[in-house]
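Residue-level structural notes
If you want the building blocks of each chain, they are given just below.
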Amino acid sequence: MKWFPRLLLAALLVGVPAAALWSQAARSGADAAQVVTLHARMPEQGGWSLDEIRAEVGQEMRFRLTSDDVVHGFAIARSGMEPISLEPGRWREVRWRPQAPGEYTFYCTRWCGPNHWRMTGTIIVVDPQGIYPTSTAAPPPRFVRYGVDIDSREAIERLTGVRPSAQRGAVPGLAPQGAWLDPKDPDLTTPIEAWNRLRADPALTALDDAALWDLLAYLWTDRLDRDQVRRGLETFQANCAACHGPQGGGDGVMAEAFADPPVASFTDLARMATASTVVLEGKILRGGMGTGMPYWGSILEPAQVDALVQAIWWMALSGEGSQAP
Ligand SMILES: [Cu+2]
């Protein structure tokens, strides 16, 4: 029986260093993990027990989380972490190792009340050694670069109740001769400007005003990326429908809490005719400043904002509400 001692030796040779490595890793892991204890409370009761947490790149964070009142949720924006739900009186644990310096927003993911949106805090991640590239600051949103005022827009009263339909507008052979999009950036185009350009097109004089809105609805929604619309509608149902309503009509379950100004209806052409992609994007990124509209710039990825804008146009002009294309 020669194999037994040899096996033992082999086991020792491999096992001992492995065990040593393992215990070292476990030890340094335990040393390095920064334990953060966070209590969630309704914003009226103070919100998160910490608003600002400092952390280091590459250092593991161990969050110990609980709720002191109702069910809340916890997520870190742009971390790739799945949101977790926090039930009153129960403790949850989640680990996160920041990979890049920067400011990360943590936030509540459950509708805990009308001030739910105030439940955010910041994790400031620094790189003490300076070896990780600094995350480049996001460029200013287009409404800032173009100097577009996103706060004061006139509604066009005569369009109240007009509900264009892309389907009705999809008339074969009917195409505008000239350009109907803004020459500087198509995303600056408003539906009313586009409609006026179409109205001036001699080839379209046979269409009455309502039929011209249908044509516009068709042209407009034809430019949307169907996958983005679908993704946007999902994000919309999860984050926006509680205020904006499941069909975007401004009549969500939380809408009553906002009277002046009321929650925007995306199916109201009188309002949407003077919006542009740049305006909608700006509103989502920056929020309403004092209105009930939360800001999403620190929470959503740029691609998600783009998808939401496309979904809003879909609800406004396709004639199919929030039915996915
Ligand atoms: Cu909450």
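Definitions and limits used
- Residues numbered from 1 in each chain as written.
- Predicted model: local features only at pLDDT ≥ 70, side-chain atom pairs only at ≥ 80, totals over all residues.
- Axes fitted to C-alpha atoms, helices over the stretch in contact; angles between N-to-C directions.
- Helix = DSSP H or I, 4+ residues; strand = E, 2+ residues; numbered from the N terminus.
- Parallel < 35°, antiparallel > 145°, perpendicular 65-115°, else oblique.
- Left-handed = near helix turned anticlockwise from the far one by under 90°.
- Contact = placed C-beta atoms within 7 Å.
- Nonpolar A, V, L, I, M, F, W, Y, C, P; charged D, E, K, R; others polar.
- Core = buried A, V, L, I, M, F, W, Y, C linked by C-beta atoms within 7 Å.
- Buried ≥ 20, exposed ≤ 12 C-beta atoms within 10 Å, placed from the backbone.
- Domains from an automatic or database assignment.
- Pairing = 2+ DSSP bridges.
- Expected span 1.5 Å × (residues − 1).

When two helices pack together, their arrangement is given by the angle between the helix axes and the distance between those axes. For the pair helix α9 (residues 277–286) and helix α10 (residues 302–317), interaxial distance at closest approach is 10 Å and the crossing angle is 125°. Put simply, α9 runs oblique to α10. Handedness of the α9/α10 crossing: right-handed. Contacts between α9 and α10 pair Thr277, Leu280, Glu281, Ile284 and Leu285 from the former with Val305, Leu308, Val309 and Ile312 from the latter. Split by residue class, the contact of α9 with α10 holds 7 nonpolar, 1 polar and 1 charged.

Glancing now at the packing of helix α5 (residues 209–222) against α10. At a minimum axis distance of 10 Å, the contact between α5 and α10 shows a crossing angle of 160°. Relative to α10, α5 is oriented roughly antiparallel. Where α5 crosses over α10, the handedness of that crossing is left-handed. Along its contact with α5, which presents Ala217, Trp220 and Thr221, the element α10 presents Trp313, Trp314 and Leu317. Considering only residue class, the contact of α5 with α10 consists of 5 nonpolar, 1 polar and no charged.

Okay, the nonpolar core next. Among the nonpolar cores identified, the biggest contains 62 residues, and Leu216, Leu308, Ala311 and Ile312 are the most heavily contacted of them. Ranked by the residues each element gives to this core, the list is headed by α10, at 11 residues. In this structure, this core is formed jointly by two domains, domain 1 (32–126) and domain 2 (142–317), each of which donates at least three residues.

This next bit is on unusual backbone geometry. Following Asp260, the chain continues to Pro261 via a peptide bond in cis, the omega torsion being -5°. Note on placement: Pro261 falls in the loop between α7 (241–244) and α8 (269–272). Residues other than glycine seldom take positive phi values, yet Arg78 does so here, at roughly 60°. Checked against the element boundaries, Arg78 lands in the loop between β4 (72–76) and β5 (84–86).

Another aspect to go through is the sheet that holds strand β1 (residues 34–40). Strand order in the open sheet formed by 3 strands is β1-β3-β6, with mixed pairing between adjacent strands. Here the strands that pair on one side only, and so sit at the sheet edges, are β1 and β6 (92–96). Averaged over all pairs of adjacent strands, the angle between strand axes in this sheet comes to 25°, irrespective of strand direction. Where strand β3 (residues 61–67) meets β6, 5 bridges bridge the pair, whose relative direction is antiparallel. Each residue of the ladder has a partner; that of Leu65, found in β6, is Arg92.

Taking 1.5 Å of rise per residue, the 16 residues of α10 would be expected to cover 22 Å, and the 23 Å separating its terminal C-alpha atoms lies within 8% of that figure. The buried count for α10 comes to 12 of 16 residues, which makes it a mostly enclosed element. Residues of α10 that are buried include every one of Val305, Ala307, Leu308, Val309, Gln310, Ala311, Ile312, Trp313, Trp314, Met315, Ala316 and Leu317, and no others. Among the structural elements, α3 (166–169), α5, α6 (226–239), α8 and α9 are those in contact with the buried residues of α10. Positive backbone phi, approximately 85°, marks Gly319, located one or two places after α10.

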